[in-house]
Amino acid sequence: RKEVEQDPGPFNVPEGATVAFNCTYSNSASQSFFWYRQDCRKEPKLLMSVYSSGNEDGRFTAQLNRASQYISLLIRDSKLSDSATYLCVVTTGGGNKLTFGTGTQLKVEL
Amino acid sequence: DTGVSQDPRHKITKRGQNVTFRCDPISEHNRLYWYRQTLGQGPEFLTYFQNEAQLEKSRLLSDRFSAERPKGSFSTLEIQRTEQGDSAMYLCASATLRTEAFFGQGTRLTVV
């Protein structure tokens, strides 16, 4: 079993739709959680950190469920510019090691 | 300092040759990571430095791979006797205890 698992998609949604991604992790000792965004042939960039209390940044909401060991990302009112791959990231070992999921591909269409 | 810098951006090499990549992290970032990414996959952890100390190395890394960070600033990743399976994007990232990891634009390696 992979340490971090994501549905690879692609998720094809119309502009304005709400879309949700889930991610599960296997190491219960994982400490920090993030969503990164990666555009085609570009480097990953931090989208948002994920806190136990949940957090929101504009149209993006991230949730963490430690008991079930999953993380979610909700995108509301999706834009064409949201088209990208969304990577779930988990840290272990004192935050020393970042483990990435395979990524979920999102395509927002007109 | 505009971010993490990697050199070269692209490298084409013949099978069996050695290659070396360089990463210059953001100034004062004491943590430095190397990852490898292939098409359709997420970045795969290779190794991690805190200052000049290599604290963790993936079991995926064969003895053909070696990384150094001699003065705790820039780092190099060397691949000896390259194989076609080594073709990938090699990503470097840096961080501090209080920041997220920032990635460089990567070095795309093609082994022919």
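Just so it is clear, the model here is predicted, and its values are computed rather than measured. (Residues numbered from 1 in each chain as written. Chains lettered and ligands numbered in written order. Predicted model: local features only at pLDDT ≥ 70, side-chain atom pairs only at ≥ 80, totals over all residues. Heavy atoms only, no water.)

Draft legend 1. Region of interest: the overall build of chain A. Of the regular secondary structure elements, chain A holds 0 helices and 11 strands. Mapped in sequence order, the helices and strands of chain A form the string β-β-β-β-β-β-β-β-β-β-β. Taken over the C-alpha trace, chain A has a radius of gyration of 13 Å; the compact-globule value for 110 residues is 13 Å, and the two agree within 12%. Counting only C-alpha atoms and orienting by the principal axes, one finds that chain A spans roughly 45 × 30 × 20 Å. A burial count over chain A gives 48% of its 110 residues as buried. Averaging the positions of the 12 positive and the 11 negative side-chain charges in chain A gives two centres separated by 5 Å. (Helix = DSSP H or I, 4+ residues; strand = E, 2+ residues; numbered from the N terminus. Rg over C-alpha atoms; globule rule 2.2 N^0.38 Å. Buried < 20%, exposed > 50% of the residue type's maximum accessible area, 1.4 Å probe, protein only. Lys, Arg positive; Asp, Glu negative; His and termini not counted. Charge placed at Lys NZ, Arg CZ, Asp CG, Glu CD.)

Draft legend 2. Seen up close, the nonpolar core. The biggest cluster of nonpolar side chains holds 23 residues, and the ones touching the most others in it are Phe21, Trp35, Ile71, Leu73, Ile75, Tyr86 and Leu106 of chain A. With sequence-adjacent residues up to four places away left out, tyrosine 86 of chain A is seen in contact with Gln6, Phe21, Trp35, Tyr36, Arg37, Leu47, Leu73, Ile75, Gly103, Thr104 and Leu106 of chain A. With 19 residues, the next largest nonpolar core counts Val4, Cys23, Leu32 and Phe49 of chain B among its residues. (Core = buried A, V, L, I, M, F, W, Y, C linked by side-chain atoms within 4.5 Å. Contact = heavy atoms within 4.5 Å.)

Draft legend 3. Spotlight on the state of the cysteines. With the rule as written, the count across this model stands at 2 disulfides over all chains. In this model cysteine 23 of chain A forms its disulfide with cysteine 88 of chain A; the gap between the sulfur atoms is 2.0 Å. In this structure the cystine formed by cysteine 23 of chain A and cysteine 88 of chain A twists about its S-S bond by roughly -75 degrees; its chirality is therefore left-handed. In this pair, cysteine 23 of chain A is assigned in strand β3 (residues 19-25) and cysteine 88 of chain A in strand β9 (residues 84-92), connecting sequence segments 65 residues apart. What makes cysteine 23 of chain A buried here is its relative accessible area of 0%. Paired by a disulfide, cysteine 23 of chain B and cysteine 92 of chain B hold their sulfur atoms 1.9 Å apart. (Disulfide = S-S within 2.5 Å.)

Draft legend 4. Main features of the sheet that holds strand β3 (residues 19-24) of chain B. All names here are of chain B. Across the sheet, which stays open at both edges, the 4 strands sit in the order β1-β3-β8-β7 with antiparallel pairing between neighbours. Bordering the open sheet on either side are β1 (5-7) and β7 (65-68), each of which pairs with just one other strand. Ignoring strand direction, the axes of neighbouring strands in this sheet form an average angle of 15 degrees. Bridge count between β3 and strand β8 (residues 75-79): 5 bridges; the pairing is antiparallel. Across the sheet, the residue bridging to valine 19 is isoleucine 79, located in β8. (Pairing = 2+ DSSP bridges. Axes fitted to C-alpha atoms, helices over the stretch in contact; angles between N-to-C directions.)

Draft legend 5. Inspection of the sheet that holds β3 of chain A at higher detail. All names here are of chain A. Here 5 strands make up an open sheet; going across it, the order is β1-β3-β8-β7-β6 and the pairing antiparallel. Whereas interior strands pair on both sides, the edge strands pair on one side only; in this sheet they are β1 (4-6) and β6 (55-57). Strand-to-strand twist across the sheet, computed as the mean angle between neighbouring axes with direction ignored, equals 20 degrees. Pairing analysis gives 6 bridges linking strand β7 (residues 60-65) to strand β8 (residues 70-75), with the strands arranged antiparallel. Looking across to β8, one finds that phenylalanine 60 is bridged to isoleucine 75.

Draft legend 6. A look at the packing of aromatic side chains. Residue and element names in this part refer to chain A. Applying the stated rule across the entire model yields 13 aromatic pairs over all chains. Arranged with centres 4.9 Å apart and planes meeting at 45 degrees, the rings of tyrosine 25 and phenylalanine 33 form a pair that is tilted. Here the two residues tyrosine 25 and phenylalanine 33 agree in accessibility, since each one is buried. (Phe/Tyr/Trp six-rings, centres within 6.5 Å; stacked < 30°, edge-to-face > 60°.)

Draft legend 7. Geometry of the side chain of serine 94 of chain B. Residue and element names in this part refer to chain B. Within the fold, serine 94 resides in strand β9 (residues 88-95). A distance of 2.8 Å separates the side chain of serine 94 from the side chain of histidine 29, its partner in a polar contact. If near-sequence neighbours (up to four positions away) are discounted, serine 94 is found in contact with Val4, Pro25, Ile26, His29, Arg31, Leu32, Glu100, Ala101 and Phe102. (Polar contact = N/O pair within 3.5 Å; in protein donor to acceptor, adjacent residues only side chain to side chain.)

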